[in-house]
Amino acid sequence: MTDAETRADTATADPAGPERPEAEVCPGCGAVLVPGPVGSSPGASASCAGLFEVTVRGLREEAAQDVRTAALLQLATDAYAAQHPVAGEPAAAALRLCLWLERGTDPLRAGGLAGRVDDAAPRLPSRPVRWTTTVADLAADLDVVDLPALVRSWAHAVWTDGAAAHPAVRAAADAVLTGSAAGR
Ligand SMILES: [Zn+2]
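Residues numbered from 1 in each chain as written. Predicted model: local features only at pLDDT ≥ 70, side-chain atom pairs only at ≥ 80, totals over all residues.

## Focus on the overall build of the protein chain
Link 1 in the chain: Looking only at helices and strands, one finds eight helices and two strands in the protein chain.
Link 2 in the chain: Counted from the first residue to the last, the protein chain has its helices and strands arranged as α-β-β-α-α-α-α-α-α-α.
Link 3 in the chain: Looking at the protein chain as a whole, 34% of its 184 residues qualify as buried.
Link 4 in the chain: Within the protein chain, contacts between residues at least 6 apart in sequence are counted, and of these 59% link residues at least 24 apart. (Helix = DSSP H or I, 4+ residues; strand = E, 2+ residues; numbered from the N terminus. Buried ≥ 20, exposed ≤ 12 C-beta atoms within 10 Å, placed from the backbone. Contact = placed C-beta atoms within 7 Å.)

## Comments concerning the confidence of the model for the protein chain
Link 1 in the chain: Summary statistics for the protein chain give a mean pLDDT of 89 and a share of 87% for residues scoring 70 or more.
Link 2 in the chain: The spread of mean pLDDT over the elements of the protein chain runs between helix α1 (residues 3-8), the lowest at 44, and helix α4 (residues 92-101), the highest at 98. (pLDDT = per-residue confidence, 0-100.)

## Things to note about the environment of A157
Link 1 in the chain: Following the sequence through the fold, A157 ends up in helix α7 (residues 147-161).
Link 2 in the chain: The residues touching A157, leaving out its near neighbours within four places in the chain, are T132 and T133.

## Quick notes on α7
Each α-helix winds once per 3.6 residues, and so residues spaced three or four apart point in a common direction.
Link 1 in the chain: Counted at 1.5 Å a residue, the expected span for α7 with its 15 residues is 21 Å, and the 21 Å between its end C-alpha atoms agrees.
Link 2 in the chain: Turning to α7, its buried residues are L150, V151, W154, A155, V158 and W159. For α7, the arc enclosing every buried residue in end-on projection is 165°, short of the 170-degree limit, so these residues lie on one face.
Link 3 in the chain: For α7, the elements touching its buried residues are α3 (67-83), α4 and α6 (135-141). (Expected span 1.5 Å × (residues − 1). Arc of directions from axis to C-beta.)

## Side note on helix α2 (residues 46-63)
Link 1 in the chain: In this model α2 runs 24 Å from its N-terminal to its C-terminal C-alpha over 18 residues, within 8% of the 26 Å that 1.5 Å per residue would give.
Link 2 in the chain: The principal kink in α2, of about 50°, is found at V56.
Link 3 in the chain: For α2, the secondary structure elements touched by its buried residues are β1 (24-25), β2 (32-33), α3 and α6. (Bend = angle between axes of the 7 residues up to and from the residue.)

## Side note on the packing of α4 against helix α5 (residues 110-120)
Link 1 in the chain: Where α4 meets α5, the axes come as close as 10 Å, and the angle between the chain directions of the two elements is 125°. As the angle between them shows, α4 and α5 are arranged oblique. In this structure, the crossing between α4 and α5 has a hand that is right-handed. On α5, the residues that touch A92, L95 and R96 of α4 are A110, V117, D118 and A120.
Link 2 in the chain: The residue makeup of the contact of α4 with α5, split by class, is five nonpolar, no polar and two charged. (Axes fitted to C-alpha atoms, helices over the stretch in contact; angles between N-to-C directions. Parallel < 35°, antiparallel > 145°, perpendicular 65-115°, else oblique. Left-handed = near helix turned anticlockwise from the far one by under 90°. Nonpolar A, V, L, I, M, F, W, Y, C, P; charged D, E, K, R; others polar.)

## Description of the packing of α3 against α7
Link 1 in the chain: At their nearest, the axes of α3 and α7 sit 9 Å apart, and the two run at 35° to each other. By crossing handedness, the relation of α3 to α7 is classed as left-handed. In this structure, α3 contributes L72, L75, A76, A79, A82 and Q83 to the contact, and α7 contributes P148, V151, W154, A155 and V158.
Link 2 in the chain: Its residues assigned to classes, the contact of α3 with α7 comprises ten nonpolar, one polar and no charged.

## Structural notes on the environment of A173
Link 1 in the chain: Its location among the elements puts A173 in helix α8 (residues 166-182).
Link 2 in the chain: Exposure remark for A173: the 23 C-beta atoms within 10 Å place this residue in the buried category.
Link 3 in the chain: For the pair A173 and E102, spaced 71 residues apart in sequence, the C-alpha to C-alpha distance is 9.4 Å.
Link 4 in the chain: Aside from chain neighbours lying at most four places away, what touches A173 is L95, C98, L99 and R103.

Right, here's the structure in full:
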């Protein structure tokens, strides 16, 4: 390999150059990212968590003043968490996505429903082998598509990718909403 080829070969994690940062694969969503801003989120690589934090920073700053932004931030947070499940933990984030996307529940009710969601969230035996959209795709498209549209299509993709779990998650959503109605 010539020097020029080595320099051009930036798309892989091949350690051809000692100075090159090594890309890491996120154990949750599978995004391949070179180290950038570092964050911390269960089930995610530090680079992936960092990229998510940077991507939603504007939403976090506005959420206190604007309920629509707060709802969008909740949707983004749940899409991200659903994509980064922790083995053995109940799938509360996937359950919330079901409530927001399929049942028309307002994401702003997340706090009030938290107890019921925790009680009903199923433990899922498997996770999707591949996610069609990750936060890396979101970040890459931010220049051309606005964030609310990106977050909505990402959340739908995350929910759709988890199709194998839909029966269990929908049953849990029914339990949450039934309990919610009975509790009033
Ligand atoms: Zn990830």
